[in-house]
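Notes for the structure review
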Amino acid sequence: MQWETVIGLEIHCQLATESKIFSGASTAFGAEPNTQACAVDLALPGTLPVFNEKALEMAVKFGLAIDAEIGKKSVFDRKNYFYPDLPKGYQTSQLAHPIVGPGHVDIQLDDGTTKRIGVTRAHLEEDAGKSLHEDFHGMSGIDLNRAGTPLIEIVSEPDIRSAKEAVAYAKKIHAIVTALGISDGDMSQGSFRCDVNVSIRPKGQDEFGTRTETKNLNSFKFMEDAIKLEVERQIDVLEDGGTIVQETRLYNGDTKVARSMRSKEEANDYRYFPCPDLLPVMIDDDYIDAIRATLPELPDARLARFKEQYGLSDYDAGILAAYGSMASYFETAVDACGDAKLAANWLLGEVSKYLNTAGIEIDASPVSAEALGGLLVRIKDNTISGNIAKKVFDAMWNGEGSADEVIEAKGLKQVTDSGAIEAIVDQVIAGATPQVEQYKAAEPDKRGKMLGFFMGQVMKASGGKANPGQVNQILKKKLDALCD
Amino acid sequence: MSLDRSDVEKIAHLARLQLDDADIPEYAQHLSNILALVDQMQAADTSALEPMANPHDASQRLRADAVTEQNQREALQANAPATENGLFLVPKVIE
Amino acid sequence: MHTQTLAELSLGLANGDFSSQELTQTYLTRIEQLDGQYNSFITVTAEQALAQATAADARRAAGDATALTGIPIAHKDIFCTQGVRTSCGSRMLDNFIAPYDATVIEKFNAAGAVSLGKTNMDEFAMGSSNESSFYGAVKNPWNPDCVPGGSSGGSAAVIAARLAPGATGTDTGGSIRQPAALCGITGIKPTYGRVSRYGMIAYASSLDQGGPMAQTAEDCALLLNCMAGFDPKDSTSIDRTVPDYSASLNDSLDGLKIGLPKEYFSDAVDSRIASAVQAAIKELEALGATVKEISLPNTELCIPSYYVLAPAEASSNLSRFDGVRYGYRCDNPADLEDLYKRSRGEGFGAEVKRRIMIGAYALSAGYYDAYYLKAQKIRRLIKQDFVAALNDVDLILGPTTPHPAFKIGEKNADPVSMYLEDIFTLSVNLAGLPGLSMPVGFADGLPVGLQLIGNYWDEARLLNVAHRYQQATDWHQQAPKGI
């Protein structure tokens, strides 16, 4: 039987506010346990929440970026359940009246087409703390630093049909939230967490199959692997005559195995009701318009512009435009050197190679965009060759100064004085009698190939600094003169 | 609406309340009496009314995004039944 | 000294008739000698009180005194007080030393008031008799066999027994007004949003409101001047100018229109209460007010509505008491589930458990619409009735309670019998209006309370009417025998 996969995503995205959604404690990552959990976060008796304006603004930004309806009246509800990382015994969330209503994003498929994925809603809520399971005399330790960090939970329609599409969708949402500056999107620190709902159904069937939820996939790779694994599992179960149980599964990226979470004794009854400590959040068109005016260029618009303005290929533009940090690095470098194609080649080639080796992102590059531009200028004005430029870049990466400083210090300036080049050429020809003889003996149409040897010798003798074009020209002229 | 033992047990579980077995019949009786009182609401016609969550038709005030709280772990954990290395300890959490 | 009103004591301090240290010591001595009879305090903070008194005297000497500087008061044990046990009348918080001050406490501290200690209360403010306290029942100073009312029963008894000239209370369904009525004192529940709820341990967030309790309306005005005001830490606090409640106390009552809801004057009201209230109406008419009958047709629905909404909010508000970060934790929990269930089962008393269960039930899947949503709609109905009535009259008047103080233990067999006693007070919280109770007579030796209900933010008018009444009568000056 042919099966069709149906996938929906729930993405929990931490908002990059300074303070928590309902308290004045810091949201910084990595502090000592419970040092960023204030009286409100700990749910001390008598404490009350007050809503962070930045969290609202960021959620509205996201809604506008996905062309969604913005909830002019949104309401915080309490989702009641007991868990040690949930200090109040309820999570403040939004059920019936979310801040962001239906919207959509477009993803690019491998065949070059675009597919629209619906976003059902995105609502504001507070993050929970963390339970640490290493052994404290058989007990667990609770750290509430993360409790109260603002989240938007972005819920997709079940429009996604493959693991690849799911990853493309998640990456697109990731690119949007980082472009908006509303999240650092750091998956390893849990700033961007994906839960995946997967079901399968016979191709052509309208009705959905029973779905499972796989939780907390903290990389796009794990997400793709986990979906493929789950789809295979479901197919195996159904083809063996079994049924899919609606359950929550945990995927372990290291072992590449998923398991069902301990089944709960009863279905959760969250007893949602409007939080009486918070009032409805009312916003008007003026507020929305003011935020709309601050929206930066979004990845889709930037992609189109890069292709148009810089004449980049789909592939090059796709990589350079996806993220704000890469895009602005690229544009700064182009501004500095005036050659988009050259800048693109360097960013996708040498620069990416060094970043990958160092395991860092573009914004942490020791060579700034301006500095790279300075290097590219020297290629364009023939001060150095492309090969020498790689040496210069390596030195720049290692903190040895600007392109000009490195070229100067290492004496890498290209030799373009034809007199000087002719002297080196004469020297090489004089010292290579056997090769000159072979050259002379060869058929004229084979001589081009033999030129390589002399080129190498001249470049070597010049310390790589001779202008290769000039060397080629002079060599050819002199050798051919010998043949006459 | 009258509640029996199993109803009371279910609700007590939902609310994470241990009840003495011997007390359950009395809880069932009291809760049933309260629900009988509460059920008087059903006679009222409320079809034209919007639910009211708060006395005022006010809207949520917004707080500036600023860190105003400093680390007070020691003071805030002084009441904690069990802590270690700054963490609150609970019986093992199994996911 | 202890027979004087708070206003008189404030004047005495200002005139240098006595120091705050002397005054504070007087009350501490009374508490030590007499409170064994009433059980009105959970915690007495003698040492701290004397230190505050010393500071208050110094502040006065420096010429920086307010009306409350050096005045000893008592706080309901629902307000968090830094460094002092804040129990909320519960075993759950018997070991809880609050690490911060409630906004109301901060305000009193800033004014230089002296805190004598924390008063007894129904557990988590759930009750109308003060019998549900983990620390035992409070005795009504007028008759120790009777309840003082609740949930601010300790604060009411403290005033009646003259163990403090002023106290704080909180009122979710009548918890200031009903004990004020039963103990023969004056208390006001302000408009919802007038007094900060920050640091006031929540029972039902959309109904809870703190307020003052004292011998007179004049005293309540002085205390409310300090308590009221916008608090950025409480999202439900309303940013609105606070008038000087003392300034309008003597305003004339000429032309004041008082509405008498016929539903508040039914046969269900004890006849002795009815006649005391009628006499008070006559007195107010003599002072220039006019009265007319009005109707609050949905009065009876307030009880069922309240007993869905308050427990629903409470069931969620009290989920934080889980034995993890503070408060009672059961011995040797076998696992997480056991930790939750036994800590909560052992830490909470029966009435609290009942209300949590009712609330959890009303919110649970399949019942939400029929109970919670229905109750919220009735809440709107009740508000609409009040708004319509207050378009026509300046304030509404009736008995605070249908009966005087009942015997301790009398209503324990069936919680519903006690809930019905709150019929005249609950609706005021549902609507969020201000309500005041003041003494207007006796029913065979037990005090009778009269309730005034005003329009939103009209506390000044309630205090003005009560003050004029108290200028013309002496019910508020009556004290239990031997006091």
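Report follows, based on the coordinates. Please read all numbers here as calculations on a predicted model, not as lab measurements. Numbering of residues starts from 1 in each chain and follows the order in which that chain's sequence is written. The naming scheme follows written order: chains are lettered A onward, ligands numbered 1 onward. Whole-chain, interface and lining totals are the exception, using all residues; otherwise, since this is a predicted model, local features are given only for residues with pLDDT of at least 70 and side-chain atom pairs are given and counted only at 80 or more. Water and hydrogen atoms play no part in the side-chain values, which are based on all heavy atoms of the structure.

Some points on the overall build of chain C
Filter applied, for reference: Secondary structure elements follow DSSP: runs of H or I of four or more residues count as helices, runs of E of two or more count as strands, with numbering from the N terminus. The globule rule used here is 2.2 Å times the number of residues to the 0.38 power, and the radius of gyration it is set against is calculated over C-alpha atoms. Only heavy atoms matter for contacts: two residues are in contact if any of them lie within 4.5 Å across the pair. Note on areas: Shrake-Rupley with a 1.4 Å probe; residue coverage comes only from the protein chains shown. Positive residues here are Lys and Arg, negative ones are Asp and Glu, while His and the chain termini are left out of the count. Working definition for charges: the position is that of NZ of Lys, CZ of Arg, CG of Asp or CD of Glu.
Summing up its helical and strand segments, chain C has 15 helices and 11 strands in all. For chain C, the C-alpha radius of gyration of 21 Å lies close to 23 Å, the compact-globule estimate for 483 residues. Overall, chain C is about 65 × 55 × 45 Å in size when its C-alpha atoms are taken along their principal axes. Considering only residue pairs separated by 6 or more positions, chain C has 75% of its internal contacts joining residues 24 or more positions apart. For chain C, the exposed surface amounts to about 13,700 Å²; the carbon and sulfur share of it is 48%. Placing the 40 positive and 53 negative side-chain charges of chain C at their respective mean positions leaves the two points 4 Å apart.

Let's talk about the interface of chain C and chain B
Rules: By definition, the buried area sums, over both parts, the 1.4 Å-probe accessible area that each loses when the two are put together. Put simply, a salt bridge is a Lys or Arg side-chain nitrogen that is within 4 Å of an Asp or Glu carboxyl oxygen.
Between chain C and chain B, the residue contacts involve 72 residues of the former and 49 residues of the latter. For the pair chain C and chain B, the summed buried surface comes to about 5,300 Å²; carbon and sulfur atoms form 66% of the total. When the area that chain C buries against chain B is broken down by residue, the three leading residues are Lys341(C), Met357(C) and Arg380(C), summing to 13%. Counting the contacts that link chain C with chain B gives one salt bridge. Between Arg16(B) and Glu337(C) there is a salt bridge, and its shortest N-O distance comes to 3.6 Å.

Side note on the packing of aromatic side chains
Residue and element names in this part refer to chain A. Selection rule: By convention, a stacked pair of Phe, Tyr or Trp rings (six-membered ring in the case of Trp) has centres within 6.5 Å and planes under 30 degrees apart, an edge-to-face pair has planes over 60 apart, and any other such pair is tilted. Think of it in three bands: with a 1.4 Å probe and only protein chains considered, a residue is buried below 20% of the maximum accessible area for its type, exposed above 50%, and partly exposed in between.
For the coordinates displayed, the defined rule picks out 34 aromatic pairs over all chains. Between the aromatic rings of phenylalanine 22 and phenylalanine 76, the centroid separation amounts to 5.2 Å while the plane-to-plane angle is 80 degrees, which identifies the pairing as edge-to-face. Here phenylalanine 22, found in the loop between strand 1 (3-14) and strand 2 (51-52), pairs with phenylalanine 76, found in the loop between strand 3 (73-74) and strand 4 (77-80); they are 54 residues apart in sequence, far enough to count as distant. Neither phenylalanine 22 nor phenylalanine 76 differs from the other in exposure class; each is buried.

Some details on the sheet that holds strand 7 (residues 114-126) of chain A
Residues and elements named next belong to chain A. Worth spelling out the cut-off: By the convention used here, strands pair only if DSSP detects at least 2 bridges between them. Axis definition: a line fit to C-alpha positions, over the contact stretch in the case of helices; interaxial angles, taken between N-to-C directions, run 0 to 180 degrees.
Strand order in the open sheet made by the eight strands is 6-7-10-1-11-12-13-14, with mixed pairing throughout. Edge strands, defined here as strands with exactly one partner in the open sheet, are strand 6 (103-108) and strand 14 (257-260). Pairwise comparison of adjacent strand axes, ignoring direction, gives a mean angle of 30 degrees for this sheet. The strands touched by helix 3 (residues 220-239) are strand 1, strand 11 (192-202), strand 12 (212-217), strand 13 (248-252) and strand 14; relative to strand 11, the strand with the most contacts, the crossing angle is about 25 degrees.

Points about the packing of helix 9 (residues 302-317) of chain C against helix 14 (residues 423-431) of chain C
All names here are of chain C. Note the following rule: Note that the term roughly parallel is reserved for angles under 35 degrees, roughly antiparallel for angles over 145, roughly perpendicular for angles of 65 to 115, and oblique for everything else. Here a crossing is taken to be left-handed if its near helix is turned anticlockwise relative to the far helix by less than a right angle, and right-handed if that turn runs clockwise.
Put simply, helix 9 and helix 14 touch, their axes get as near as 9 Å, and they point 60 degrees apart. For the element pair helix 9 / helix 14, the angle class is oblique. Between helix 9 and helix 14 lies a crossing of left-handed hand. Taking contact as the criterion, the partners of Cys302, Ile303, Ser305, Tyr306, Tyr307 and Leu309 in helix 9 are, on helix 14, Ile423, Leu426, Ser427 and Leu430.

Section: the pattern of salt bridges
Oppositely charged side chains may form a pair once their charged atoms are brought near each other. Scanning all chains against the criterion turns up 57 salt bridges over all chains. Notably, a salt bridge pairs Glu126(A) with Lys88(A), separated by 2.9 Å at the nearest N-O pair. Of this pair, Glu126(A) sits in strand 7 while Lys88(A) sits in the loop between strand 4 and strand 5 (90-93), placing them 38 residues apart in sequence. The exposure classification of Glu126(A) matches that of Lys88(A), with both residues buried. The shortest N-O distance in the salt bridge between Arg177(C) and Asp171(C) comes to 2.8 Å. For Arg177(C), a relative accessible area of 0% corresponds to the buried category. A residue is classified by how much of its surface remains accessible, and Asp171(C), at 0% relative accessible area, is buried. Each of Arg78(A), Asp277(A), Arg197(C) and Asp234(C) takes part in a single network of salt bridges with overlapping partners.

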